[in-house]
Structures are given as C-alpha cells and as structure tokens.
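Overview (structure and organization)
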Amino acid sequence: MQDFIYCAPTRVIFGKDTELQVGKILKEAGATRVLLQYGGGSIKKSGLYDRVVQAVREAGIELYEIGGVQPNPHLSLVREAIALAREKKVDYLLAVGGGSAIDSTKATAVGVPYEGDVWDFYCGKATPKTALPLGVILTIPAAGSEGSNSSVITNEDGWIKRGLGCDLTRAAFAIYNPELTYTLPAYQTAAGASDIMAHIMERYFTNEPDVDMTDRLCESVLKTILKQAPVCVQDPANYAARAEMMWASTVAHNDFLTCFRVGDWASHQLAHELSGLYDSTHGAALAVVFPAWMTYVYKHDVQRFCRFAVEVMGLEMDFFHPEETALKGIAALRSFFRSIGMPTTLKELGVPENELDLLASKVKRGPDGTKFVPLTEADCRAIYELMK
Ligand code: NZQ
Ligand code: ZN
C-alpha cells in the first residue's frame, strides 16, 4: 500500500446547458483575454461553437481562437497557439472538445511562459515551472484529460508521441453537458469507452498489495462502462448513459483510482507508437493492445486476472483451472471490444504487420521499477506479434 498525495483541483460543472455558463465562469476566474482551441469542426456543425463564442463575448472577454487540432494533436499547431497567445497577451486558455483539443491547450499553457521550445517538456529535457490557467468544455468521454494532469503531443519530426505529467496543467474548471456527446460517431463513442477502460485497467493490474478499496472502485467503474457503452452506441441520445460515460471518463483518469496503488501504463506506451506512426485512434489502438498485453503477462499474477474475469467480466471461477478462468476473462474483454465495433487486431486497426521491429524499437520503456511486468524490447515485439 503506497502513501499518496491526491490533488484533483478541477471544478466540475455538470448538466444540461452548462456550456452557457462559460462566460460567467471565465469572468469569475479573472480571465480578460482568452484563447479558444478546438478540433476539426464538430463543434461548428453542432452549434456549440456559436453558443460558446456568444457566452464568452457577452461576459465582456476578448476571445481569440485556433481551430483544426487533429486527433493525436501535433506539435506544430501547439507552437502556433503559443505564438498567438503571446502576441495577443492571452491570460486564460479554453479547450472545447476532447483529449486532443485539451492536450493541445495544456501544451500551450506550459509553452507560453517558457523561453525554450515546448517539446523540451515532452522529451524530458525540462520541467514546467509555471503555466497559464485553462478551462474545458468536454465533448467526448474518452481521454480523461479534462481531469488528468497529463497531455500527449505528437512531434511530426519522427512521428514521436510523448506525454507530459504535470499538475500545473490540470484544468481549473470542466464543463460537461451529456447532450453535447449525442453527435459522436459510434466509432468514437466506442473508442472513448475502450480508452476509459484502459485507464482503469492500467491501474488495476498492479503489484501493490492491500488495495482492496480501489480494486472495488475500479471494478465498479469498469462494470458501468460494460453496461453503458453499448447503450450509447445503440441509442446515442440516451442522456443517463451518456452522463455516466462522461463522469467515468474523468473518474478513470483524475487519479482518484490511483490512491494506494501504482499504475503500469505499458499498454498505453505500446498504443502510442501505433498512433504516432499510423495515426490510429487512441482508444481503438488500446482495444487491440490491451488483450494482447494481458495474454502476454497474465501468468505473472493469475489470481488478479481471475479476479478480473469474475468481478468485472462476470464469469464463473474454475478453482481447479485458474489459468483457464484468467484466459476466459481476457477473451471476454476482447469480445466486448468487438461487440461495440472496436478492432482487435492490427489488420482491423489498419496497421501494417511487417513493421513490428520498428514499433518495438520505439516504445518508451525507461528504467521503471513500478511496472506490473517490466518489458524488454523483445517483449514489446512479442506483444505486437500477439495483435496479428
Ligand atoms: O476534431 P473534431 O471535429 O472535434 O472531431 C473529433 C475527433 O475527430 C470527434 N468529436 C469529439 N467530440 C465530438 C466529436 N464528433 C462529434 N461530436 C462530438 N461531440 O472525435 C474525434 C476524436 O477527438 P479527440 O479529441 O481526438 O478524442 P479523445 O478524447 O479520444 O482524445 C484522444 C487524444 O487524447 C490523448 C490520446 O493519446 C489522443 O491523442 N490522451 C490524453 C490523455 C490525457 N491528456 O490525460 C490520456 C489518454 O490516455 C490519451 O493518451
Ligand atoms: Zn488513454
């Protein structure tokens, strides 16, 4: 059981029409010149953009914007946003969208006051000392960036995708209206669900003993997703199901479930290479990676995998053949991903199968004693092989 510091300072504003409060919230926070970042246009199509702009302007706040943040957000756009924020002397940042718009905004937040290049923070060359404050209007439950301390950026020079963990980048506020997620394509809904599950499972598979309470919390959020993700896919305007998915996105990744334990994160590193090189949707990549990783490491702690099979996937425990129970749990997870429309092989993900050496050589591993199972490059290669 680990000691911990838990700091989740994001003010949550949850419910119908809450996006209309954004001007008032920014004003109360002291914002006078705001830079808005958003993605490829979904917020314009849905009308959210107009409502946000109106609410911010009505509050008497100067608003600047930069759109076109791509999924797996690019460093070049972050650099543009930093330049614009400096030029306009922006004092607050606002992200409207999902993990990509939020992460691009977080990178801007640490980049603006920094004299060097913002990539320094993502390649481990420097640590942020200060950041601009930021707020979020969430449109997709998935990455959990609205509550997390991390951001992930892709450097087009080498297509390297790297993350930064930094409490300075936690959003000061996050606005959730489940109705904003009704327009999500089924694939993005399902990819979001896979990512949320992955965030919990990265924490669930730990070597830390005596973490029963957070085990049970993890299991209950995972079961909620197993129940509600298919509802959202089949009935996109189901308010209750969308609301539970939105809150699950945050709870899964704001470190509430990390208390007492240490996470693994190998599956995320393996998935980042797929997104970095082939632009795979993050959650879809995880649906391919996670069952493969589980299959590779389950013998390390068969009991934990049996617990997952029984408590999460709802299977019967076979006390005479625990390994079979563990493997059935992994198979059930893979079937679940398939049932909501996720790929479960590299081919289905659209990734070539002949570059596994390159992929394995790029995976960020590091000298990390906290892993559930430390992986060598050969292990990473073998796990990619299991995704064929
Ligand atoms: O760009 P637009 O036009 O807005 O469309 C987006 C995008 O194509 C669309 N979308 C979002 N909300 C919508 C919508 N379409 C219709 N209606 C809506 N309401 O969905 C697509 C995906 O958006 P994106 O922001 O990329 O999704 P997500 O939240 O999954 O973010 C993925 C990024 O977050 C990173 C991932 O690596 C990836 O780069 N992550 C960030 C983390 C963090 N900061 O804590 C942790 C995660 O593990 C993850 O690594
Ligand atoms: Zn993730």
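For the structure itself, consult the block above.
Calculation rules
- Residues numbered from 1 in each chain as written.
- Chains lettered and ligands numbered in written order.
- Predicted model: local features only at pLDDT ≥ 70, side-chain atom pairs only at ≥ 80, totals over all residues.
- Heavy atoms only, no water.
- Donors = N, O, S within 2.8 Å, 3.2 Å for Na, K, Ca; no water.
- Helix = DSSP H or I, 4+ residues; strand = E, 2+ residues; numbered from the N terminus.
- Buried < 20%, exposed > 50% of the residue type's maximum accessible area, 1.4 Å probe, protein only.
- Phe/Tyr/Trp six-rings, centres within 6.5 Å; stacked < 30°, edge-to-face > 60°.
- Lys NZ or Arg CZ within 6 Å of the ring centre and 35° of its normal.
- Expected span 1.5 Å × (residues − 1).

This part is about the coordination of the zinc ion (ligand 2). Bound to the zinc ion (ligand 2) are the protein donor atoms Asp195 (OD), His199 (NE2), His268 (NE2) and His282 (NE2), situated 2.0 to 2.2 Å from the metal. As a motif over one chain, the donors of the zinc ion (ligand 2) read D-x3-H-x68-H-x13-H. Within this pair, whereas Asp195 is found in helix α7 (residues 186-204), its partner His268 is found in helix α10 (residues 266-278), the two being separated by 73 residues in sequence. Across the pair, His268 and Asp195 agree in class, each one buried.

Looking now at the packing of aromatic side chains. If you walk through the whole model with that rule in mind, you get 18 aromatic pairs. On the basis of an interplanar angle of 50° and a centroid distance of 6.2 Å, the ring pair of Phe336 and Phe337 is categorised as tilted. Comparing Phe336 with Phe337 shows no difference in burial state: the two are buried. Its end group placed over the ring of Tyr239, Lys16 keeps NZ or CZ at 4.9 Å from the ring centre.

A rise of 1.5 Å per residue sets the reference length of helix α13 (residues 322-339), with its 18 residues, at 26 Å; its end C-alpha atoms lie 26 Å apart and thus fit the reference within 8%. Among the residues trailing α13, Gly341 stands out with phi positive, at a value near 95°.

What follows deals with unusual backbone geometry. The phi angle at Asp17 is positive, at roughly 65°, despite the residue not being glycine. Its location among the elements puts Asp17 in the loop between β1 (11-14) and α1 (22-28). Located in the positive-phi region is Asp279, a residue other than glycine, with phi close to 60°. Positionally, Asp279 belongs in the loop between α10 and α11 (282-297). In this structure Asp279 comes out as partly exposed when scored by relative accessible area, which is 48%.

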